[in-house]
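# Architecture at a glance
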Amino acid sequence: MALSTIGANQLSAGPVLQVVSSVSTDVVSTDTATFADIPFATATITPRATSSKILIQYSFGMMGSSNASVGCFMKLLRDSTEVGQGSGAGTINVFNQHYYAQTAFYAPRSHLFIDSPNSTSALVYKLQWRVVTAGSTTWYINRRGSDNYSRSSSTFYVMEIAG
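Structural notes, computed from the coordinates.

Taking burial as the measure, the 13 residues of strand E4 (residues 53-65) include 10 buried ones, the bulk of the element. Across eight bridges, E4 lies against strand E11 (residues 154-161) in antiparallel orientation. Among the inter-strand pairings, Tyr-58 is bridged to a residue of E11, identified as Phe-156. As paired elements, E4 and strand E8 (residues 106-115) share nine bridges and run antiparallel to each other. If you follow Ile-54 over to E8, its bridge partner there is Asp-115. In terms of strand pairing, E4 meets strand E10 (residues 139-141) through three bridges, oriented antiparallel. Following the sheet pairing, Ser-65 is matched in E10 by Trp-139.

Next up, the structure:
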C-alpha cells in the first residue's frame, strides 16, 4: 500500500498556549477494585478560549503487577466527567487497560486524548485506576510487580492548543 503525502497547506496546526505537568519518581500502587486517583496524575488548566483543545497525556516509565492473571483499568476525568473512554464494550468502557501475562514482565506505558471542553473555566484533569478483581493482585507505577529491582519516573501533562 502506497503512503500518501499531506502538503503543508492541508495541515491546520494551532500553537501550544500553555503546558501543565508533573513528574514523579514515587512508587504508586493499588489493589482495590474501586477507582482511585493516581496521586501525581492531576493537573488544573484554565483554557484561554472556548475553541481551544486540551491534549492530555501520561507516560509511565514502568508498570508492573504482582499477579499475571489480573489487569488494571484506567479512566480519565475532566472535573467529575469521564472523558476519552471507549464505547460498546460488553463489560466496561475505560480510557486505558493494562494486562500482563507474567509477573516478571513490566513495561513503559503511555496514552493520550484530545479534549474539546468548550470552556474558559479552570478544568481539573486526572487519572484514576483500579484492579479488575480486588485482592487478587497489586499494580505498581514506577516499579516492576515482582520486586523492587528497578525504578523509573513518570509524567502527566495537559496542554492547551489553540483551536
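Structure shown, so let's carry the discussion forward.
Before going further, it helps to examine the pairing of strand E9 (residues 123-131). In terms of burial, E9 is a largely internal element, eight of the nine residues being buried. Two elements, strand E5 (residues 72-78) and E9, share seven bridges in a ladder whose sense is antiparallel. Its bridge partner being in E9, Arg-78 is matched across the sheet by Tyr-125.

Looking now at the side chain of Lys-126. By the element assignment, Lys-126 lies in strand E9. Among the polar contacts listed, one links the side chain of Lys-126 to the side chain of Asp-37, at a separation of 3.3 Å. When sequence neighbours within four positions are dropped, the list of residues in contact with Lys-126 reads Asp-37, Ala-41, Thr-42, Lys-75, Leu-76, Leu-77 and Phe-156.

Attention now goes to the pattern of salt bridges. A pair can form between side chains of opposite charge whenever their charged atoms are brought close. Enumeration over the complete set of coordinates arrives at two salt bridges. Note that Lys-126 and Asp-37 form a salt bridge whose closest N and O atoms lie 3.3 Å from each other. Of this pair, Lys-126 sits in strand E9 while Asp-37 sits in strand E3 (residues 36-45); the two residues are 89 residues apart in sequence, bridging distant segments of the chain. A salt bridge links Arg-78 to Asp-115; its shortest N-O distance comes to 2.6 Å. Highlighted residues: Arg-78 in strand E5 and Asp-115 in strand E8, separated in sequence by 37 residues. Per residue, the accessibility class of Arg-78 equals that of Asp-115, and both read buried.

Attention shifts here to the nonpolar core. Grouped together as the largest cluster of nonpolar side chains are 25 residues, with contacts concentrated most on Ile-38, Phe-60, Leu-127, Trp-129 and Phe-156. Excluding its chain neighbours within four sequence positions, the residues that come into contact with Leu-127 are Ala-36, Asp-37, Ile-38, Ala-41, Tyr-58, Phe-60, Lys-75, Leu-76, Phe-95 and Phe-156.

A few words now on the side chain of Asn-142. Secondary-structure assignment places Asn-142 in the loop between E10 and E11. On the basis of relative accessible area, Asn-142 is assigned to the buried category, the value being 0%. Here Ser-154 takes part through its side chain, which lies 2.5 Å from a polar atom of the side chain of Asn-142. Leave out the neighbours within four places in its chain, and Asn-142 touches Ser-24, Thr-25, Asp-26, Val-27, Gly-61, Met-62, Ser-150, Arg-151, Ser-152, Ser-153 and Ser-154.

Reading guide: rules and limits
Residues numbered from 1 in each chain as written. Predicted model: local features only at pLDDT ≥ 70, side-chain atom pairs only at ≥ 80, totals over all residues. Heavy atoms only, no water. Buried < 20%, exposed > 50% of the residue type's maximum accessible area, 1.4 Å probe, protein only. Helix = DSSP H or I, 4+ residues; strand = E, 2+ residues; numbered from the N terminus. Pairing = 2+ DSSP bridges. Polar contact = N/O pair within 3.5 Å; in protein donor to acceptor, adjacent residues only side chain to side chain. Contact = heavy atoms within 4.5 Å. Salt bridge = Lys/Arg side-chain N within 4 Å of Asp/Glu carboxyl O. Core = buried A, V, L, I, M, F, W, Y, C linked by side-chain atoms within 4.5 Å.

Honestly, it's all geometry; don't read function into it.
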